[in-house]
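Architecture at a glance
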2 protein chains.
Amino acid sequence: MGKAKTAITPTRVEDYPEWYQQVIKAADMAENSPVRGCMVIKPWGYTLWENIQRVLDGMFKDTGHVNAYFPLFIPKSFLEREAKHVDGFAKECAVVTHSRLVDDGQGGLKPDGELEEPLIVRPTSETIIGASYAKWVQSYRDLPIMINQWANVVRWEMRTRLFLRTAEFLWQEGHTAHATSEEAMIETRQMLDVYADFAENWMAMPVIKGEKTEGERFPGADHTYSIEAMMQDRKALQAGTSHFLGQNFAKGCGIQFLSEEGKQEFAWTTSWGVSTRLVGGLIMTHSDDDGLVLPPKLAPKQVIILPVLHKAEDPNAILEYCDGIKKELEGQLFAGRAIQVEIDKRDLRGGDKRWEWVKKGAPIILEVGPRDMANGSVFAFRRDTGEKAGVNRDEFCATAVNRLNEIQDNLLARAKAHREENTREINSKEEFIEFFTPENKDKPEIHGGFAMAHWGGSAEDEDALAKEYKVTIRCVPLADGEPGVCPFTGNPSPKRVVFAKSY
Amino acid sequence: MGKAKTAITPTRVEDYPEWYQQVIKAADMAENSPVRGCMVIKPWGYTLWENIQRVLDGMFKDTGHVNAYFPLFIPKSFLEREAKHVDGFAKECAVVTHSRLVDDGQGGLKPDGELEEPLIVRPTSETIIGASYAKWVQSYRDLPIMINQWANVVRWEMRTRLFLRTAEFLWQEGHTAHATSEEAMIETRQMLDVYADFAENWMAMPVIKGEKTEGERFPGADHTYSIEAMMQDRKALQAGTSHFLGQNFAKGCGIQFLSEEGKQEFAWTTSWGVSTRLVGGLIMTHSDDDGLVLPPKLAPKQVIILPVLHKAEDPNAILEYCDGIKKELEGQLFAGRAIQVEIDKRDLRGGDKRWEWVKKGAPIILEVGPRDMANGSVFAFRRDTGEKAGVNRDEFCATAVNRLNEIQDNLLARAKAHREENTREINSKEEFIEFFTPENKDKPEIHGGFAMAHWGGSAEDEDALAKEYKVTIRCVPLADGEPGVCPFTGNPSPKRVVFAKSY
């Protein structure tokens, strides 16, 4: 499409992290705010998040959950209670200490009204939600409780990156309580399946479902499960987690019930969440050196129509022609709702407009000028493959849903192929080192990605590996595997695990 | 329906504020949290809010707005800038001063990592959003910006009441920027119309659209418009506001643009919002001494089916019969989506279950026992009127949408009649005093409600009136009115205004 070699500078190969920032900028999705570590999610990025929310929310409701809302603030004492049980307790958080601003006598304002007990802006809500559940649950008849919350949370991250790691981010957190361990485990695994289903079938992002090792577990969880995706730089992204909390939080919060047999018992709880990080994962899975590429099922707009008016004798006729196409497309269902179409009528050069929508990742762009109209056709551009061709207007409308599905399928297939190409069975420590040596990064035949290796080490062994090679066990896959021998320790291993560098 | 005279104690007449709290409790909508002033919104209350959100969000998008998300925190310096211009600057807010919790050496945690500049949890977002707009706007081509945000905000309220006034609440805040004053005023008034439309046609809550007087204006606004509703205790509730901010915030934040004529100009901005307070208004508009009454268009469930199983020979047959009704109802559209139906299969006494749904305000409750099934009928209870009758099953299904529309219309008509009965033209100070004297509260023929009176006083006169009688000017209605003479000052008055006690 001319103009420049690629729309994004630098390219992925030149500087992947910087490419990522430039894709977001070029697509006008988000930017840093004047508040350190907090981002502004701009309309194009936020609409993508709204689409993610809408679909996930439907999946949560279909699996028996309801939404509710709990306070933004957590009393310090709640975290102290938790901190006692939990070694890896996260202490980087926003602490509210005052309830007022007053004149400081120098033309400014200063904090006043010191609180008796500081409040923490929720980094996650297990403790505050647990306090409610403890009140609500008396008998086995009150169980299960299956609640989800859409909320903002704050973790005072030092090194932030748009969508991937920000001080404030948006997420959902499911919190459920059950009468039995079995039921809680079924719920934990069900929600992992929901996440995997969403990642693959909506985001077109293939994931591996697995369990985290002890060192990577959520503090206070008995088991943490995650979905792990491979980005285009072959690093892993943890895209969602589901925790089986056993009775740990129930004991901490006092969630007790009288069982059917008349015994006082602690409930079994779970929690699970995905966040705006998914947007980062989506960007890094599909985008290319011309900018954002969006899976049609989640794209804010699926078809952009660009009327080419500057040479037209009768611009209104072209606009009407475009409007007719828009209406016909909007009358068709794709991914559960009407096809989303926008006619970009702005008075800009056609080339500039087209490039803008390329960079924004619109799955299909139609250009319509006087000649196209005269021929009863449209000029169609497909974002994922770059294919472009004149198409009969009626034929385009009749096949639009198929085209969108094709793009969706192609993105998933492409991402799967990329993951397969960069997943290697590793059977010795030497191979492992070679695979993860940064100097080999230009030798894709040996470098990086997912190393499937046997593991029989301890948490300390894992730590040592992480320190030396910056590689961690992303998960122990849930899928079946063959037993073997750990190349690091010589211990027996029940199955291969996924090693990778990660975000 | 037997059992007790009324499900809610006290009744509205006995103690209206306490009745309100008890309705919320009996309907299981929300409760106070361990965090002072913050509420927990429970699923039944939250689903109502979700329905409000869904409908309003659609109305915002239909009027050309998009959603985005801005930071939770506002740097202190942003508010200092604003405080200089604004007398009524709200200083009660949550102030974040630290970014870490550390061991306090006594088994607890203490704040650490003091921030260079304190951060304020947003009480509203004009300043932080304005900072973004200042970056985004360069030329008239970048205008208008029409963005809405769904968010939580915090104002450190001393006396809180569930939904009506809480320290943290949920809301939407629209923030738009325009090239001309006219365009910004059209937007301001358009959003007031959207709110009034929503209040009347979805919440069944009639409202008066009007402009606030100077003393009740949003700090920094040139004009503040509101919708005002009358609650059943005849007090006014401000249910939504739309502000014309002139160039005040644009100057404060530096939102400047190069006009079509090549001149550097400040933008004209608006902001408008409604909050979870709407839920409080809805409760107080329709509910009765048996609990919550919900307008069907926003009810979490419109039809509850209660199978009566304890005397049944074949409980499964009854459940199947109920399921058939549910499916038939769910196949019908009401208020833009499928009728929402729940079969309550819990093993509780029928009377207890029925009362629970009465208190939760379900518009229609169907009871289905063996005899009903044998007759091919259902026993239908209508929440708003208390009517109950056996109805042929097919007839019920065929008329369900009509019934729901009838209930919706009845609630609006009832609320309108209540407002009309309690709105009086007041022509002298004596009448005014009599109307608002608390001792007259048991004489509805003379007491309380909306006093439509002429007004020609100053802001100080208005203040004095508010201090003496606890009555304020709720708004100057936008509707046409006749000029007259102010009974307090003798000054001329362009039209009657609405005086009332208020929430």
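The paragraphs below set out a description of the structure included in this document. Here the structure is a predicted model, which means the values were calculated and not measured.

The subject of this paragraph is the overall build of chain A. For chain A, the count of helices and strands is 13 helices and 27 strands. The C-alpha atoms of chain A give 26 Å as radius of gyration, which agrees with the globular expectation for 503 residues (23 Å, within 12%). In terms of overall dimensions, chain A has a C-alpha envelope of 80 × 65 × 60 Å along the principal axes. For chain A, with 503 residues in total, the buried portion stands at 57%. Partitioning the intrachain contacts of chain A with sequence separation of at least 6 by distance along the chain shows that 69% fall at a separation of at least 24. As displayed, chain A has an accessible area near 20,700 Å², and 47% of this comes from carbon and sulfur atoms.

Taken as a whole and assessed by the stated rule, the structure comprises 54 salt bridges over all chains. In this structure, Glu330(A) and Lys326(A) form a salt bridge, with 3.1 Å as the shortest nitrogen-oxygen distance. A residue pair is termed a helical-turn pair when its members lie 3 or 4 positions apart in one helix, as Glu330(A) and Lys326(A) do in helix α8 (residues 315–330) at four residues. Put simply, Glu157(B) and Arg165(B) hold a salt bridge, and the shortest N to O gap is 3.8 Å.

Here we take up the sheet that holds strand β21 (residues 388–392) of chain B. Residue and element names in this part refer to chain B. The five strands lie next to each other as β18-β15-β19-β20-β21, forming an open sheet whose pairing is mixed. Strands at the two margins of the open sheet, each flanked by one partner only, are β18 (341–343) and β21. If you compare each strand with its neighbour and ignore which way they point, the axes differ by 25° on average. The pairing of strand β15 (residues 303–307) with strand β19 (residues 364–368) spans five bridges and is parallel. Bridge pairing links isoleucine 304 to isoleucine 365 in β19.

This paragraph deals with the interface of chain B and chain A. Across the boundary between the two partners, chain B contributes 66 residues, which contact 66 residues of chain A. For the pair chain B and chain A, the summed buried area comes to about 5,300 Å², and 66% of that belongs to carbon and sulfur atoms. For chain B, the biggest contributors to the area lost against chain A are Tyr69(B), Leu101(B) and Leu109(B); these three give 13% of the whole. There are six salt bridges connecting chain B and chain A. Between Glu50(A) and Lys61(B) there is a salt bridge, with its nearest N and O atoms 3.0 Å apart. For the pair chain B and chain A, the number of links is 34 residue pairs in polar contact (both at pLDDT 80 or more). Here the side of chain B that touches chain A gets 11 residues from one element, more than from any other, and that element is strand β5 (residues 92–103) of chain B. Here the side of chain B that touches chain A is built from residues that sort into 40 nonpolar, 10 polar and 16 charged.

Here we take up the environment of Asp233(B). Residues and elements named next belong to chain B. Within the secondary structure, aspartate 233 is located in the loop between β10 (223–230) and β11 (236–244). As for aspartate 233 and arginine 165, which are separated by 68 residues in sequence, their C-alpha atoms are 17 Å apart. In this structure, aspartate 233 is in contact with Tyr16 and Tyr503, ignoring residues within four places of it in sequence. There is a polar contact of 2.5 Å between the side chain of aspartate 233 and the side chain of tyrosine 503.

In this section: the environment of Arg419(B). Residues and elements named next belong to chain B. As for its position among the elements, arginine 419 is in helix α11 (residues 393–421). Considered as a pair, arginine 419 and proline 206 are 213 residues apart in the sequence and their alpha carbons are 8.2 Å apart. Filtering out sequence-adjacent residues up to four positions away, arginine 419 remains in contact with Pro206, Val207, Ile208, Met230 and Phe450.

Turning our attention to the pairing of β19(B). All names here are of chain B. Across the five residues of β19, five count as buried, placing the element largely inside the fold. Burial along β19 is two-sided: Ile364, Leu366 and Val368 facing one way and Ile365 and Glu367 facing the other are all buried. Inspection of the sheet shows β19 paired to strand β20 (residues 377–382) by four bridges, in the antiparallel sense. Residue pairing in the sheet places leucine 366 in a bridge with alanine 380 of β20.

In this section: the state of the cysteines. All names here are of chain A. Counted under the stated rule, the structure contains zero disulfides over all chains. Here cysteine 38 is not disulfide-linked; the sulfur of cysteine 93 is the nearest cysteine sulfur, at 14 Å. Cysteine 486 carries a free sulfur, and the closest cysteine sulfur to it, the one in cysteine 475, is 16 Å from it.

Residues and elements named next belong to chain A. Where strand β4 (residues 73–75) meets strand β6 (residues 109–121), three bridges bridge the pair, whose relative direction is antiparallel. When the sheet's bridge partners are listed, phenylalanine 73 is paired in β6 with valine 121. Connecting the antiparallel pair strand β5 (residues 92–103) and β6 is a turn made up of five residues, with glycine 105 showing a positive phi of about 80°.

The tally for this structure, following the rule as stated, stands at 44 aromatic pairs over all chains. With 4.9 Å between their ring centres and 90° between their planes, Phe432(B) and Phe488(B) make a pair best called edge-to-face. On the criterion of sequence distance, the pair formed by Phe432(B) in helix α12 (residues 429–435) and Phe488(B) in the loop between β25 (484–485) and β26 (492–493) is long-range, its members being 56 residues apart. Of the two residues examined, Phe432(B) and Phe488(B), each falls in the buried class. Aromatic rings pair up to connect Phe432(A), Phe435(A), Phe436(A), Trp455(A), Tyr469(A), Phe488(A) and Phe499(A) into one cluster. Above the face of the Tyr225(A) ring, Arg189(A) is positioned so that its terminal group lies 5.5 Å from the ring centre. Above the ring of Trp357(B), the side-chain terminus of Lys360(B) is found at 6.0 Å from the ring centroid.

This part takes up the side chain of Thr97(B). The topology assignment puts Thr97(B) in strand β5. What makes Thr97(B) buried here is its relative accessible area of 6%. Separated by 2.5 Å, the side chains of Thr97(B) and Thr97(A) make a polar contact. Side chain to side chain, Thr97(B) and His98(B) meet in a polar contact 2.7 Å long.

The rules we used
Residues numbered from 1 in each chain as written. Chains lettered and ligands numbered in written order. Predicted model: local features only at pLDDT ≥ 70, side-chain atom pairs only at ≥ 80, totals over all residues. Heavy atoms only, no water. Helix = DSSP H or I, 4+ residues; strand = E, 2+ residues; numbered from the N terminus. Rg over C-alpha atoms; globule rule 2.2 N^0.38 Å. Buried < 20%, exposed > 50% of the residue type's maximum accessible area, 1.4 Å probe, protein only. Contact = heavy atoms within 4.5 Å. Areas by Shrake-Rupley, 256 points an atom, 1.4 Å probe, with all protein chains shown as cover. Salt bridge = Lys/Arg side-chain N within 4 Å of Asp/Glu carboxyl O. Pairing = 2+ DSSP bridges. Axes fitted to C-alpha atoms, helices over the stretch in contact; angles between N-to-C directions. Buried area = accessible area lost by both parts, 1.4 Å probe. Polar contact = N/O pair within 3.5 Å; in protein donor to acceptor, adjacent residues only side chain to side chain. Nonpolar A, V, L, I, M, F, W, Y, C, P; charged D, E, K, R; others polar. Disulfide = S-S within 2.5 Å. Phe/Tyr/Trp six-rings, centres within 6.5 Å; stacked < 30°, edge-to-face > 60°. Lys NZ or Arg CZ within 6 Å of the ring centre and 35° of its normal.

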